[in-house]
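# Fold and geometry: a report
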Amino acid sequence: SSWTDRASLNLMSGQRFSACLHRLLEQKQDDSIDVLVFGVENSLWMGQQFAADMKRIFPKLNFLAISSNWLLGMLQRAQGNVEPKNFAIAPQKFRLATGAIALALSHSGTTY
């Protein structure tokens, strides 16, 4: 019922997500990451399946599902940071597209 309710956050989020995907499709020019999905444990597994499904639907876009821990390692620049090594994507190739979508998933609401 929330998808038919025009004031529903589910409907508004779905419409916004769709509009963002449409914009990314129109501006796609390189191999940068268009949709970044991250989480841990079960949330990461769900995110990986979601990214795989979306890649089949939108083959022109680049979807990446990764662990939140890996993402933190890539983005942190503070003292004591340990850069991830031997992962499927090299740190030099980790580039978000302009207007990229980032989805943080948490099945329990307590882990990201």
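Rules used throughout
Residues numbered from 1 in each chain as written. Predicted model: local features only at pLDDT ≥ 70, side-chain atom pairs only at ≥ 80, totals over all residues. Heavy atoms only, no water. Pairing = 2+ DSSP bridges. Helix = DSSP H or I, 4+ residues; strand = E, 2+ residues; numbered from the N terminus. Axes fitted to C-alpha atoms, helices over the stretch in contact; angles between N-to-C directions. Contact = heavy atoms within 4.5 Å. Buried < 20%, exposed > 50% of the residue type's maximum accessible area, 1.4 Å probe, protein only. Polar contact = N/O pair within 3.5 Å; in protein donor to acceptor, adjacent residues only side chain to side chain. Salt bridge = Lys/Arg side-chain N within 4 Å of Asp/Glu carboxyl O.

### Brief notes about the sheet that holds strand β3 (residues 96-104)
Note on sheets: strands pair through backbone hydrogen bonds, and any given pair is parallel or antiparallel. With parallel pairing, the three strands of this open sheet are ordered in space as β2-β1-β3. Strands with a single pairing partner mark the edges of an open sheet, and in this sheet they are β2 (63-67) and β3. When strand polarity is set aside, the average angle formed by the axes of neighbouring strands in this sheet is 25°. As defined by bridge partners, strand β1 (residues 33-39) adjoins β2 across five bridges and the pair is classed as parallel. Bridging from a neighbouring strand, V35 pairs with F63 of β2. Across the sheet, helix α1 (residues 9-27) lies against β1, β2 and β3, angled at about 150° from β3, the strand it touches most. Strands β1, β2 and β3 of the sheet are contacted by helix α2 (residues 41-57), whose axis makes an angle of about 170° with β2.

### Topic: helix α3 (residues 68-75)
Taken as a whole, α3 has its buried residues at S68, W70, L71, G73 and M74. Elements in contact with the buried residues of α3: β1 and β2. Between the side-chain oxygen of the N-cap and the backbone nitrogen of N69 there are 3.0 Å, and the N-cap of α3 in question is S67.

### Looking at the pattern of salt bridges
Between side chains of opposite charge, a pair can form as their charged atoms come close. Applying the stated criterion across every chain yields a total of two salt bridges. For K28, the salt bridge identified is with D34, shortest N-O distance 2.7 Å. Here D31 and R95 are joined by a salt bridge, their closest N and O atoms 2.7 Å apart. Of this pair, D31 sits in the loop between α1 and β1 while R95 sits in the loop between α3 and β3; the two residues are 64 residues apart in sequence, bridging distant segments of the chain. Relative accessible area serves as the criterion here: at 49%, D31 is assigned to the partly exposed category. When its relative accessible area of 36% is taken as the criterion, R95 is described as partly exposed.

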